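# Descriptive structure summary
Given next are the chains, with one letter for each unit.
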Amino acid sequence: MHIKIQSTTRKEMVDITARVQEVVTASGMRSGLCHIFVPHTTAAITLNENADPDVQEDMNRTLSRLIPVDPDYRHMEGNSDAHMKASLIGASEVLAVRDGRLDLGRWQAIYFWEFDGPRKREVRILLLPQQERGF
Amino acid sequence: MHIKIQSTTRKEMVDITARVQEVVTASGMRSGLCHIFVPHTTAAITLNENADPDVQEDMNRTLSRLIPVDPDYRHMEGNSDAHMKASLIGASEVLAVRDGRLDLGRWQAIYFWEFDGPRKREVRILLLPQQERGF
Amino acid sequence: MHIKIQSTTRKEMVDITARVQEVVTASGMRSGLCHIFVPHTTAAITLNENADPDVQEDMNRTLSRLIPVDPDYRHMEGNSDAHMKASLIGASEVLAVRDGRLDLGRWQAIYFWEFDGPRKREVRILLLPQQERGF
């Protein structure tokens with residue numbers, strides 16, 4: 001199952017929580033693991049606060065200060081900063097599903113994090129149900 | 001299944017390996033995956049050395065130097081550094097279970113990493129057993 | 001199942017994609033999750049670009065600039081930078097398997113990332129199949 005994303009700027013956090021929940025709901029799975037995966041090397045998946053949009057702004061600014069666009073990079077495409085950010089944040093998240101719902105904390109949202117947009121992107125989801133006798 | 005944690009300072013690594021193993025043992029699961037999850041946005045889960053406590057001290061210091069508390073942050077709560085650290089380290093770990101034991105390396109422990117304590121926290125665990133014919 | 005690795009320098013990214021795929025193929029698993037795990041505290045697993053080797057060079061350089069070898073570290077072994085890098089990048093990746101293939105993006109490879117070599121290392125793999133009726 002795929003979610004399509006069109007990022008609109010170079011750096012952007014896109015809240016995909018509702019769309020991932022839709023996939024879980026449509027599957028009918030009640031309990032198990034939900035694997036959320038970015039098949040790209042200049043974007044990532046993370047969980048963070050869903051309430052104050054300033055958090056996303058602060059995070060984009062902090063990460064860009066940590067990993068600036070560096071004129072010394074050798075990679076010809078000039079987006080090595082985006083590759084580094086992708087490995088720091090990570091290409092996937094694994095979430096538990098309980099009673100048909102993503103088991104997130106009260107303030108957690110799932111973000112697709114674009115580091116080299118705007119681009120057409122996708123997020124892939126695989127669901128692995130617990131067995132009946134599960135733990 | 002939940003583990004309750006009471007952090008005692010702003011930044012702290014709490015070794016939860018024995019408590020996670022207790023959950024696995026109590027479940028009776030012999031083989032499969034153990035998903036360890038923090039439902040918070042200013043804390044994380046990581047694996048690291050369990051022998052020399054200086055490693056934890058060095059790591060706390062290094063991460064705080066990378067992501068200082070920044071007077072320019074916009075987020076009103078003033079803990080954007082903690083949100084950034086949470087996304088860098090990550091909200092979950094997935095571990096294999098073999099023969100009823102967490103399959104850790106000799107020097108690996110599971111740490112709950114507090115970035116904005118002291119707070120009451122929890123860690124959630126989901127176990128997904130391999131099928132009998134498993135791989 | 002294990003993959004053996006002999007790193008040859010202190011910092012090195014080793015592409016293990018083909019070897020992980022061999023393990024998946026040998027298992028006969030068609031669909032499910034593949035857990036790729038480093039049982040070490042000074043190495044990590046990441047996904048990144050497989051085309052231009054300059055990306056790996058840029059990433060090694062950037063990460064070492066972020067986390068330099070620090071004379072103030074307390075840990076006697078003098079490799080606290082490697083421990084910090086391991087927690088930033090992470091000890092595991094979880095990948096989907098579809099139709100018997102690791103479900104990677106076009107430009108993604110799986111890298112074992114050595115931070116304190118040269119050493120003999122291993123990567124452990126656990127496969128968790130979807131049930132027949134899977135999602």
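A few points on the structure. (Residues numbered from 1 in each chain as written. Chains lettered and ligands numbered in written order. Predicted model: local features only at pLDDT ≥ 70, side-chain atom pairs only at ≥ 80, totals over all residues. Heavy atoms only, no water.)

## Topic: the overall build of chain A
On a plain count of helices and strands, chain A comes out with three helices and eight strands. Element order for chain A, N to C, with α for helix and β for strand: β-β-α-β-β-α-α-β-β-β-β. Along the longest, intermediate and shortest principal axes, the C-alpha atoms of chain A span 55 × 30 × 25 Å. Contacts in chain A between residues far apart in sequence, at least 24 positions, make up 84% of those at least 6 positions apart. With the model as given, the accessible surface of chain A reaches about 5,300 Å², and the carbon-plus-sulfur share is 50%. (Helix = DSSP H or I, 4+ residues; strand = E, 2+ residues; numbered from the N terminus. Contact = heavy atoms within 4.5 Å. Areas by Shrake-Rupley, 256 points an atom, 1.4 Å probe, with all protein chains shown as cover.)

## Some details on the packing of helix H3 (residues 80–89) of chain A against helix H2 (residues 53–66) of chain C
A pair of packed helices can be characterised by two numbers: the angle between their axes and the separation between those axes. Between H3 of chain A and H2 of chain C, the shortest axis-to-axis distance is 9 Å and the interhelical angle comes to 65°. Between H3 of chain A and H2 of chain C, the crossing angle belongs to the class labelled roughly perpendicular. Crossing handedness for the pair H3 of chain A and H2 of chain C: right-handed. Along the contact surface, H3 of chain A presents Ser-80, His-83, Met-84, Ser-87 and Leu-88 of chain A, while H2 of chain C presents Val-55, Asp-58, Met-59, Thr-62, Leu-63 and Leu-66 of chain C. A breakdown of the residues in the contact of H3 of chain A with H2 of chain C according to their chemical character gives six nonpolar, four polar and one charged. (Axes fitted to C-alpha atoms, helices over the stretch in contact; angles between N-to-C directions. Parallel < 35°, antiparallel > 145°, perpendicular 65-115°, else oblique. Left-handed = near helix turned anticlockwise from the far one by under 90°. Nonpolar A, V, L, I, M, F, W, Y, C, P; charged D, E, K, R; others polar.)

## Notes on the sheet that holds strand E4 (residues 43–49) of chain B
Residues and elements named next belong to chain B. Taken together, the three strands give an open sheet; going across it, the order is E2-E7-E4, and neighbouring strands pair in antiparallel fashion. Only two strands of the sheet have a single partner each, and these edge strands are strand E2 (12–15) and E4. Between one strand axis and the next, the sheet turns by 35° as a mean value, whatever way the strands run. Pairing geometry for E4 and strand E7 (residues 108–114), over seven bridges, is antiparallel. Within the sheet, the bridge partner assigned to Thr-46 lies in E7 and is Tyr-111. (Pairing = 2+ DSSP bridges.)

## Examining the environment of Ala-26 of chain A
With respect to the element layout, Ala-26 of chain A can be found in helix H1 (residues 17–27). Along the primary structure Ala-26 of chain A and Gly-100 of chain A are separated by 74 residues, whereas in three dimensions their C-alpha atoms are 9.7 Å apart.

## Here's the deal with helix H2 (residues 53–66) of chain B
Residue and element names in this part refer to chain B. The end-to-end C-alpha distance of H2, which contains 14 residues, comes to 20 Å, matching closely the 20 Å that a straight helix rising 1.5 Å per residue would cover. With respect to burial, H2 is a largely interior element, 10 of its 14 residues being buried. All buried positions along H2 are accounted for by Asp-54, Val-55, Gln-56, Asp-58, Met-59, Asn-60, Thr-62, Leu-63, Ser-64 and Leu-66. Measuring from the side-chain oxygen of the N-cap residue of H2 to the backbone nitrogen of Asp-54 gives 2.8 Å; that N-cap residue is Asp-52. (Expected span 1.5 Å × (residues − 1). Buried < 20%, exposed > 50% of the residue type's maximum accessible area, 1.4 Å probe, protein only. Polar contact = N/O pair within 3.5 Å; in protein donor to acceptor, adjacent residues only side chain to side chain.)

## Observations regarding the relation of the copies chain A and chain B
Between chain A and chain B, which share one sequence, the superposing operator has a rotation angle of 120° and an axial displacement of 0.0 Å; the RMSD is 0.0 Å. Considering both components of the superposition, the chain copies are consistent with a three-fold axis. Taking C-alpha positions as reference, the residue of chain A nearest the rotation axis is Leu-88 of chain A, located at 3.5 Å. (Least-squares fit on C-alpha atoms with pLDDT ≥ 70 in both.)

## Points about the relation of the copies chain A and chain C
When chain A is fitted onto chain C, the two copies agree to an RMSD of 0.0 Å after a turn of 120° and an axial shift of 0.0 Å. Here only 19% of the interface residues in chain A have copies in chain C that are interface residues too; the copies meet through unlike faces.

## Some points on the interface of chain A and chain C
Taken residue by residue, the interface counts 36 residues in chain A and 38 residues in chain C. For the chain A and chain C pair, buried surface summed over both sides reaches about 3,000 Å², with 58% attributable to carbon and sulfur atoms. Applying the counting rule to chain A against chain C returns one salt bridge. Linking Arg-124 of chain A and Asp-103 of chain C is a salt bridge whose minimum nitrogen-to-oxygen distance equals 2.9 Å. The interface formed by chain A and chain C includes 12 residue pairs in polar contact (both at pLDDT 80 or more). Elements represented by at least two residues in the side of chain A that touches chain C include exactly strand E3 (32–37), H3, strand E5 (92–98) and strand E8 (120–129) of chain A. It is E8 of chain A that provides the largest number of residues to the side of chain A that touches chain C, a total of six residues. Partitioned by chemical class, the residues of the side of chain A that touches chain C number 18 nonpolar, 12 polar and six charged. (Buried area = accessible area lost by both parts, 1.4 Å probe. Salt bridge = Lys/Arg side-chain N within 4 Å of Asp/Glu carboxyl O.)

## Things to note about the interface of chain A and chain B
The interface of chain A with chain B comprises 38 residues on the first partner and 36 residues on the second. For the interface between chain A and chain B, the tally reads three salt bridges. When the shortest N-O distance is used, the salt bridge between Glu-57 of chain A and Arg-74 of chain B registers 3.9 Å. Counting across the interface, chain A meets chain B through 14 residue pairs in polar contact (both at pLDDT 80 or more). Elements with a minimum of two residues in the side of chain A that touches chain B: E3, strand E4 (43–49), helix H2 (53–66), H3, E5, strand E7 (108–114) and E8 of chain A. The biggest single contributor to the side of chain A that touches chain B is H2 of chain A, with 10 residues. Across the side of chain A that touches chain B, the residue classes tally to 18 nonpolar, eight polar and 12 charged.

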